[in-house]
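Results of the structural survey
What follows is each chain in one-letter form.
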Amino acid sequence: MEKPTINFANRPSLRRPAILLVVLLALVAYGSRHQTPAPPSRHQGALAAVVNGIPVPMRTYDWQLAVATRAYAGPYAPPNSPTGKTIARLLRDDAVQEAIAETVISSVAARHRVTVSDTEVAQEVARLTRAVGGSVGLTHQLRTAGMTMADLSRVARHTVLRDRVATVLGDPAWLDHLVGHAHIIYYVGDGAASADAVPAIMLGHPAPPFVAVDLSGRAVSLADLRGKAVVLDFWTTGCADCQGELPLLLALARAHPHLVVVALDRQEDAGTIRRYLTSHQLGGLTVWRDLIGQAAINYTVASLPDSFSIDDHGILRAYNFGPLADAASLDSLASYAEAGINDTQH
């Protein structure tokens, strides 16, 4: 059964519930340049990552992973299934990014002799309490997120520290700027520490992972389709250009039964989608739902429709932003996935 999730801007595919939406937006962080040595054991330094020489302790990562796991409210899949493994992978990636952000905030604050008193932390907690409707709302949100008041105070302290450092540096987005250009060595985080840790939408590299649900509410992911070439198309029922493209997708799927054609709807309910498919005679089209729009973020989708060609090894081979001109254009896009070669025009 699908559960509601709340979107975080510019984060990996899985989001934490509402209280963390309030208190953890400060911790958004991505590393764009990194090396990937073989992960050490926990007894060899116990590091989760190193950011510009700043060590990120494994204990910080472990805490973040525990919070992320307890707070996960997305669609469920058996842990040993391909989608279940994708969920676990994205939780690990989420945890290491949070651990990096927390560690960098503490390090930079210490370097600039920025401190926060217990009174200031209490004031921030009080502000957050008011933001979620008072103590009853706070208790509910903490329970939902699997957090304690001590956990919340820890996050609040780093939120205040982040803002204090921003004032000192004169840069409200200093954390994003620093981590986004940092040299990061990852030791944990399945996606972060493997060869697919590259900017999204890079041809010849693994397609960005995500978790969606089908129209019955079952959790699905690209991992379920490994071994098959895929055409992934982002759309919504209110998209005028999509109305002409969806029949082309259905025709492509019928003409190429070995190819998986997925129409990934962005944040609409299943009833709306079913009515649209029926009224436009699109029965038989494979439709998934991007519940919180995170897949669209991962694929840098700004307008609709956008289409992506992924080969049978999960490698991104081609893409088209905007509507496809005709069936021949769609066939050409699909051919890159089927042949396992990059579109050299991009």
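Data block above holds the structure.
Residues numbered from 1 in each chain as written. Predicted model: local features only at pLDDT ≥ 70, side-chain atom pairs only at ≥ 80, totals over all residues. Heavy atoms only, no water.

Concerning the environment of Arg-226
The condition is simple: Here a helix means four or more residues in a row that DSSP labels H or I, a strand means two or more in a row labelled E, and each is numbered from the N terminus. Any pair of residues with heavy atoms lying within 4.5 Å of one another is described as a contacting pair.
Along the chain, Arg-226 falls in the loop between strand 6 (219–221) and strand 7 (230–235). Remark: the alpha-carbon pair of Arg-226 and Pro-82, spanning 144 residues in sequence, is separated by 8.9 Å. Those residues in contact with Arg-226 that sit more than four places away from it in its chain are Asp-312, His-313 and Gly-314.

What about the pairing of strand 2 (residues 47–51)?
We apply this condition: Residue exposure (1.4 Å probe, protein chains only): buried if accessible area is under 20% of the type maximum, exposed if over 50%, otherwise partly exposed. What makes two strands pair is DSSP finding at least two bridges between them.
Extensive coverage of strand 2 is indicated by the burial of four of its five residues. Of the strand pairs in this sheet, strand 2 and strand 3 (residues 54–57) are connected by four bridges, and their pairing is antiparallel. Looking across to strand 3, one finds that Val-51 is bridged to Ile-54. Taken together, strand 2 and the strand that follows it, strand 3, pair antiparallel across an intervening segment of two residues, in which Asn-52 is found at a positive phi of about 50°. Bridge count for strand 2 against strand 4 (residues 183–186) is three bridges, and the pairing is antiparallel. The partner of Ala-49 across the bridge, within strand 4, is Tyr-186.

Focus on the nonpolar core
We count it as follows: In this description, a nonpolar core means a group of buried Ala, Val, Leu, Ile, Met, Phe, Trp, Tyr and Cys residues linked to one another through side-chain atoms lying within 4.5 Å.
Membership of the largest hydrophobic core comes to 51 residues, with the highest contact counts inside it found for Phe-210, Leu-232, Phe-234, Trp-235, Tyr-299 and Phe-308. If we ignore the near neighbours within four places in the chain, the residues touching Phe-234 are Cys-242, Leu-264, Asp-290, Ala-295, Ala-296, Tyr-299, Val-301, Leu-304, Pro-305, Asp-306 and Phe-308. Among the nonpolar cores identified, the runner-up in size contains 42 residues, and Ala-48, Ala-99, Ile-100 and Leu-128 belong to it.

With respect to the layout of surface pockets
Using the following cut-off: Site definitions follow a grid-based scheme: protein atoms alone, a 1 Å grid, a 1.4 Å probe that fits but cannot get out for cavities, and for pockets an open set with protein on both sides within 12 Å along at least five of seven lines, plus lining residues having an atom within 4 Å of a point. Grid points are joined across faces, edges and corners, and a volume is the space filled by probe spheres set on the points. When residue character is reported, Ala, Val, Leu, Ile, Met, Phe, Trp, Tyr, Cys and Pro are called nonpolar, Asp, Glu, Lys and Arg charged, and the others, Gly included, polar.
Considering only enclosed or pocket space, the second largest pocket measures out at about 330 Å³ in volume. Lining the second largest pocket are 22 residues, and of these Thr-86, Arg-89, Pro-209, Ala-223 and Arg-226 sit closest to its centre. By residue number, the principal contributor to the lining of the second largest pocket is helix 3 (residues 82–111), which donates five residues. Here the residues of the lining of the second largest pocket are counted per class, giving 10 nonpolar, four polar and eight charged.

A look at the environment of Arg-59
Within the secondary structure layout, Arg-59 lies in helix 2 (residues 58–71). Judged by relative accessible area, which is 65%, Arg-59 ranks as exposed.

Re the packing of aromatic side chains
Two aromatic rings, taken as a pair, are described by how far apart their centres are and by the angle between their planes. Put simply, the test is: Only rings of Phe, Tyr and Trp enter the pairing, Trp through its six-membered ring, and a pair is recorded when the two centres are within 6.5 Å. The plane angle decides the type: under 30 degrees is stacked, over 60 is edge-to-face, the rest tilted.
Within the structure shown, the criterion is met by nine aromatic pairs. A ring pair is formed by Phe-210 and Trp-288, whose centres lie 6.4 Å apart and whose planes are at 65°; its orientation type is edge-to-face. On the criterion of sequence distance, the pair formed by Phe-210 in the loop between strand 4 and strand 5 (211–214) and Trp-288 in strand 9 (residues 286–290) is long-range, its members being 78 residues apart. For the pair Phe-210 and Trp-288, a shared accessibility class is recorded, and that class is buried. Summarising the aromatic geometry, the rings of Phe-308 and Phe-321 are spaced 5.6 Å apart at their centres and angled 85° between planes, so their arrangement reads as edge-to-face. Of this pair, Phe-308 sits in strand 10 (residues 306–310) while Phe-321 sits in strand 11 (residues 316–321), placing them 13 residues apart in sequence. Residue classification places Phe-308 among the buried residues on the basis of a relative accessible area of 0%. Taking relative accessible area as the criterion, Phe-321 reaches 40% and is therefore assigned partly exposed.

Let's talk about the state of the cysteines
In plain terms, the rule: We call a pair of cysteine sulfur atoms a disulfide when they lie within 2.5 Å.
Considering all chains together, one arrives at one disulfide under this definition. The residue that forms a disulfide with Cys-239 is Cys-242, at a sulfur-sulfur distance of 2.3 Å. The sign of the 85° torsion about the S-S bond sets the Cys-239-Cys-242 disulfide as right-handed. For Cys-242, a relative accessible area of 1% corresponds to the buried category.

No statement about biological role is implied by the geometric values presented.
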